[in-house]
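What follows is the residue order along each chain.
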Amino acid sequence: QVQLVESGGGSVQAGGSLKLSCVASGNIFSSCTMGWYRQAPGKEREGVSFIRSDGSTSYADSVKGRFTISQENANTLTLQMNSLKTEDTAVYYCAAGCTSPWDGFYWGQGTQVTVSS
């Protein structure tokens, strides 16, 4: 199984920055698309950013130009969040969609990000 552990959430003022990290249980990047989702109170979970095994990335329009997803090393995914807005407040979840040998979809436990005005 794949295990994902997130860290880096917290409370910041609008305009500030946070960096989220997601540590995977193994070197899974060659077999998995990795990404971040978020869920704000009263709203549906939405995709934020994704990185594929070939290194290509994608971003939701709402975060484009402010957030950067990266593979920091063989087992760590990061999300650098700059110019944070109050509407970025949510629980952020690391996720992995994997083919062989780790076929399946996996979620981290979530980390709270709170942005105040």
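Asker: Even after reading the chapter, I still don't get the state of the cysteines, so can you show me in this structure?
Answerer: One covalent bond between the sulfur atoms of two cysteine residues makes up a disulfide. In total, this model carries 2 disulfides according to the counting rule given. A sulfur-sulfur distance of 2.0 Å marks the disulfide that ties Cys22 to Cys94. The chirality of the disulfide connecting Cys22 with Cys94 is left-handed, given an S-S dihedral of about -75°. Of the two residues, Cys22 sits in strand β3 (residues 18-24) while Cys94 sits in strand β9 (residues 90-98), which places them 72 residues apart along the sequence.

Asker: When you look at the environment of Ser21 in this model, what are you seeing that I'm missing?
Answerer: As for its placement among the helices and strands, Ser21 is situated in strand β3. A C-alpha to C-alpha distance of 5.5 Å links Ser21 and Glu6, two positions 15 residues apart in sequence. Apart from residues lying up to four places away in sequence, Ser21 is in contact with Val5, Glu6, Ser7, Trp36, Thr76, Leu77 and Thr78.

Asker: Please clarify how the environment of Gly110 should be interpreted in this entry.
Answerer: Residue position: Gly110 is located in the loop between β10 (104-107) and β11 (111-116). Among the residues examined, Gly110 registers a relative accessible area of 17% and is labelled buried. Between the alpha carbons of Gly110 and Thr78 there is a distance of 13 Å; along the sequence they are 32 residues apart. Filtering out sequence-adjacent residues up to four positions away, Gly110 remains in contact with Glu6, Val91, Tyr92 and Tyr93.

Asker: I keep staring at the sheet that holds strand β7 (residues 67-73) and nothing clicks. Help me out?
Answerer: Sheet strands pair by backbone hydrogen bonding; their relative direction is either parallel or antiparallel. An order of β1-β3-β8-β7 is seen for the 4 strands of this open sheet, with the pairing classed as antiparallel. In the strand order of this sheet, the two ends are held by β1 (4-7) and β7, each with one partner. For this sheet, the mean angle separating the axes of adjacent strands, direction not counted, is 20°. Bridge analysis of β1 against β3 gives 4 bridges, and the strand direction is antiparallel. Counted as the bridge partner of Glu6 is Cys22 from β3.

Conventions and cut-offs
- Residues numbered from 1 in each chain as written.
- Predicted model: local features only at pLDDT ≥ 70, side-chain atom pairs only at ≥ 80, totals over all residues.
- Heavy atoms only, no water.
- Disulfide = S-S within 2.5 Å.
- Helix = DSSP H or I, 4+ residues; strand = E, 2+ residues; numbered from the N terminus.
- Contact = heavy atoms within 4.5 Å.
- Buried < 20%, exposed > 50% of the residue type's maximum accessible area, 1.4 Å probe, protein only.
- Pairing = 2+ DSSP bridges.
- Axes fitted to C-alpha atoms, helices over the stretch in contact; angles between N-to-C directions.

Read these as layout, nothing more, since geometry by itself doesn't imply function.
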